[in-house]
Amino acid sequence: MKKIYWRPKRVSRIELVLVALLALGGYLLVEFWRDVVPAPYYKEKLEAAQLTKRAMLALKGERQRRKIPVQLDSDPANSGMVGYLVSSMTSTAGHLPAKQTSVNPNFAAVIVGWLREVGVNAGDRVAVGVSGSFPVLNLSAYAALQVLRAKPVIITSASGSQWGANIPGWLWIHQEQYLYDRRIFSFRSIAASRGGIGDRAYGMEPDAIKRMDAEVTRLGLRLLEPRTFTDSIEMRMQVFEEKAGGKPYKAYINVGGGTASVGTSLGKKLFRPGLNKRPPRGALAVDSVMSRFAKSGVPVIHLVEVDEMAKMLGLPLSPKTTPEVGQGKVYISREYRKWVAGVLLLVIFGVLFAFIRLDWGFRILHTGKKRGQEAERPEQMV
């Protein structure tokens, strides 16, 4: 015996609109009603940020012991990590809001995530280029590398831009050495150049350059004295190659706008702030340490355009107090509730079946209409 059922001759636009609205409402519910759970590598991220905060406090304490005053107009958070507008060790101009934004230990958590994303594990070699422009970003990179137990090879620029580590006698190379001596970090730079314009500190007073070179030598760092821009790149690449031990680098981290590292102001802008797994279009046109690593397939972490990067990461801009460790969306992950999506799919399929295969839509939408206003009734199917 064959089964008889009723099916509408066609589906009305009203029914289609209702199904579409149901699907849209379901999409919005699934998209915005998610579970908030710890982000991947949460423990390592938190540990790196805590280590950065510890290093910041240690440096602030030593700065106070040396009676180097904090200028609250430029360092409202009283972090002790913002330098002077002008000093004999100032290499280039700086952007004060970017310096203030960078004073956030949670950048270390971001760097941990990026390093993990490109597969950096314990024992892996990572090349690093830093300067005195953003000392807290330097600390964040160091902390991330130490927590992951990577093996960094670091080359620094001794001078610093405005409001960076530009205080005579308290440059980045001094801060780094202080933390290394107290075993807060288990590594430090192995070489240093002058930094600044041309990587030769053009524009600084000769006496200041001489004193800075002497400090680099006194601290036991290899002094890089390039004659040209290309020479500066070649020297750095030679150091990285010597220290690689025949093993590949898993990533290159650049902090700030060091000329040789980024390739002049143009090269700095060709790479995106943050993680660059592959070089953006046109980025290899300007020679630099960064572009050479990228050309060989090494991912680049480019820590510049700090305000833009902070907006992207959900970190505060120019905070008046140093952000607490563990704050920011870098520590959380919003995951879809799969069971909600499953239930909604069943509901949508059920409504489609009822409206298209059966006559429920007709009965619901056309109940109470007069005979002359009725739509086409369902037809009998066998």
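Please read all numbers here as calculations on a predicted model, not as lab measurements.

Engineer: Tell me what's going on with the overall build of the protein, and back it up with residues and numbers.
Structural biologist: Helix and strand content of the protein: 14 helices and 13 strands. When burial is assessed residue by residue, the protein has 52% of its 382 residues classed as buried. Entry remark: accessible area of the protein is about 19200 Å², with carbon and sulfur atoms responsible for 56%.

Engineer: Talk me through the nonpolar core; I want residue IDs and the actual numbers.
Structural biologist: Proteins that are soluble and globular tend to have nonpolar side chains buried together. Counting residues in each nonpolar core, the largest one holds 63 residues, and the members touching the most others are Leu115, Leu139, Leu179, Ile253 and Leu303. It is helix α5 (residues 135-147) that provides the largest number of residues to this core, a total of nine residues. Excluding its chain neighbours within four sequence positions, the residues that come into contact with leucine 115 are Val120, Ala144, Leu145, Leu148, Ala251, Ile253 and Ile301. Judged by nonpolar contacts, the second largest core, of 22 residues, contains Ala127, Ile155, Val262 and Phe293.

Engineer: Please set out the side chain of asparagine 166 residue by residue, giving values where relevant.
Structural biologist: The topology assignment puts asparagine 166 in strand β5 (residues 166-167). In terms of polar contacts, asparagine 166 uses its side chain to reach the backbone carbonyl oxygen of tyrosine 84, at 2.7 Å. When neighbours within four sequence positions are excluded, asparagine 166 is seen to be in contact with Gly83, Tyr84, Leu85, Ser87, Met89, Thr90, Gly160, Ser161 and Leu171.

Engineer: Tell me about the environment of glutamine 100, and name the residues and values.
Structural biologist: Relative to the elements of secondary structure, glutamine 100 occurs in helix α3 (residues 96-102). You can call glutamine 100 buried: its relative accessible area is 11%. Considered as a pair, glutamine 100 and valine 82 are 18 residues apart in the sequence and their alpha carbons are 7.3 Å apart.

Engineer: With reference to specific residues and values, describe the pattern of salt bridges.
Structural biologist: Scanning all chains against the criterion turns up 12 salt bridges. A salt bridge links glutamate 62 to arginine 66, with the nearest nitrogen and oxygen atoms 2.9 Å apart. The shortest N-O distance in the salt bridge between arginine 236 and aspartate 199 comes to 3.6 Å. Here arginine 236 is found in helix α8 (residues 229-244), whereas its partner aspartate 199 is found in the loop between β7 (191-193) and α7 (206-218), with 37 residues between them in sequence. Look at aspartate 199 and you get buried, because its relative accessible area is 3%. Salt bridges linked by common partners bring Glu62, Arg65 and Arg66 together as one network.

Engineer: Provide a residue-level description of the environment of isoleucine 190, including the pertinent values.
Structural biologist: Within the secondary structure, isoleucine 190 is located in the loop between α6 (172-181) and β7. Residue classification places isoleucine 190 among the partly exposed residues on the basis of a relative accessible area of 29%. For isoleucine 190 and valine 153, which are 37 residues apart along the polypeptide, the C-alpha to C-alpha distance reads 7.2 Å.

Engineer: Got a sec to walk through unusual backbone geometry? Specific residues and values, please.
Structural biologist: In this structure, asparagine 78 is a non-glycine residue whose phi angle is positive, near 55°. By the secondary structure assignment, asparagine 78 is in the loop between α2 (42-65) and α3.

Engineer: Residues and numbers for the packing of aromatic side chains, please.
Structural biologist: Summed over the entire model, instances satisfying the criterion amount to 11 aromatic pairs. Here tyrosine 42 and tyrosine 331 contribute two aromatic rings whose centre-to-centre distance is 6.1 Å and whose plane-to-plane angle is 75°, an arrangement assigned as edge-to-face. Taken together, the residues span a long stretch of sequence, with tyrosine 42 in helix α2 and tyrosine 331 in the loop between α12 (306-313) and β12 (332-335) at a distance of 289 residues. Judged by relative accessible area, which is 2%, tyrosine 331 ranks as buried. Taken together, the aromatic side chains of Tyr142, Trp172, Phe185 and Phe187 make up a single cluster linked through ring pairs. The residue whose ring lies beneath lysine 99 is phenylalanine 134, and the NZ or CZ to ring-centre distance is 4.3 Å. Of note, arginine 188 hangs over the ring of tyrosine 180, and the distance from its end group to the ring centre comes to 5.6 Å.

Engineer: Break down α12 for me, with residues and values.
Structural biologist: Buried within α12 are the following residues: Val306, Asp307, Met309, Ala310 and Leu313. Projected onto a plane normal to the axis of α12, the buried residues spread over an arc of 160° and lie on a single side. Considering only its buried residues, α12 is in contact with α3, α4 (107-117), α5, β10 (274-276) and β11 (300-303). Remark: glycine 314 follows α12 within two positions and exhibits a positive phi of approximately 75°.

Engineer: Let's hear about the pairing of strand β4 (residues 151-157): which residues, and what values?
Structural biologist: With respect to burial, β4 is a largely interior element, six of its seven residues being buried. With six bridges joining them, strand β3 (residues 125-130) and β4 adopt parallel strand pairing. Looking at the pairing, valine 130 lines up with threonine 156 of β4. Once you follow β3 into α5 and on to β4, the crossover reads as right-handed.

Engineer: How would you summarise a nonpolar patch on the surface if you had to cite specific residues and measurements?
Structural biologist: Together, Val17, Leu21 and Leu24 make up an exposed nonpolar region whose accessible area comes to about 280 Å². Inspection of the secondary structure assignment puts valine 17 in helix α1 (residues 13-32). Given a relative accessible area of 46%, valine 17 falls into the partly exposed group.

Engineer: I'd love a proper account of the packing of α5 against α6, names of residues and values included.
Structural biologist: Axes are the key here: two packed helices are described by the angle between their axes and the distance separating the axes. The contact between α5 and α6 brings their axes to 11 Å, and the two run at 35°. Between α5 and α6 lies a crossing whose hand is right-handed. Contact residues: α5 offers Pro135, Asn138, Leu139 and Tyr142, while α6 offers Trp172, Gln175, Glu176 and Leu179.

Thresholds applied
- Residues numbered from 1 in each chain as written.
- Predicted model: local features only at pLDDT ≥ 70, side-chain atom pairs only at ≥ 80, totals over all residues.
- Heavy atoms only, no water.
- Helix = DSSP H or I, 4+ residues; strand = E, 2+ residues; numbered from the N terminus.
- Buried < 20%, exposed > 50% of the residue type's maximum accessible area, 1.4 Å probe, protein only.
- Areas by Shrake-Rupley, 256 points an atom, 1.4 Å probe, with all protein chains shown as cover.
- Core = buried A, V, L, I, M, F, W, Y, C linked by side-chain atoms within 4.5 Å.
- Contact = heavy atoms within 4.5 Å.
- Polar contact = N/O pair within 3.5 Å; in protein donor to acceptor, adjacent residues only side chain to side chain.
- Salt bridge = Lys/Arg side-chain N within 4 Å of Asp/Glu carboxyl O.
- Phe/Tyr/Trp six-rings, centres within 6.5 Å; stacked < 30°, edge-to-face > 60°.
- Lys NZ or Arg CZ within 6 Å of the ring centre and 35° of its normal.
- Arc of directions from axis to C-beta.
- Pairing = 2+ DSSP bridges.
- Right-handed = clockwise from strand over helix to strand, strands pointing away.
- Patch = residues over 30% accessible without salt bridge, like charges linked within 9 Å, V, L, I, M, F, W, Y side chains within 5 Å.
- Axes fitted to C-alpha atoms, helices over the stretch in contact; angles between N-to-C directions.
- Left-handed = near helix turned anticlockwise from the far one by under 90°.

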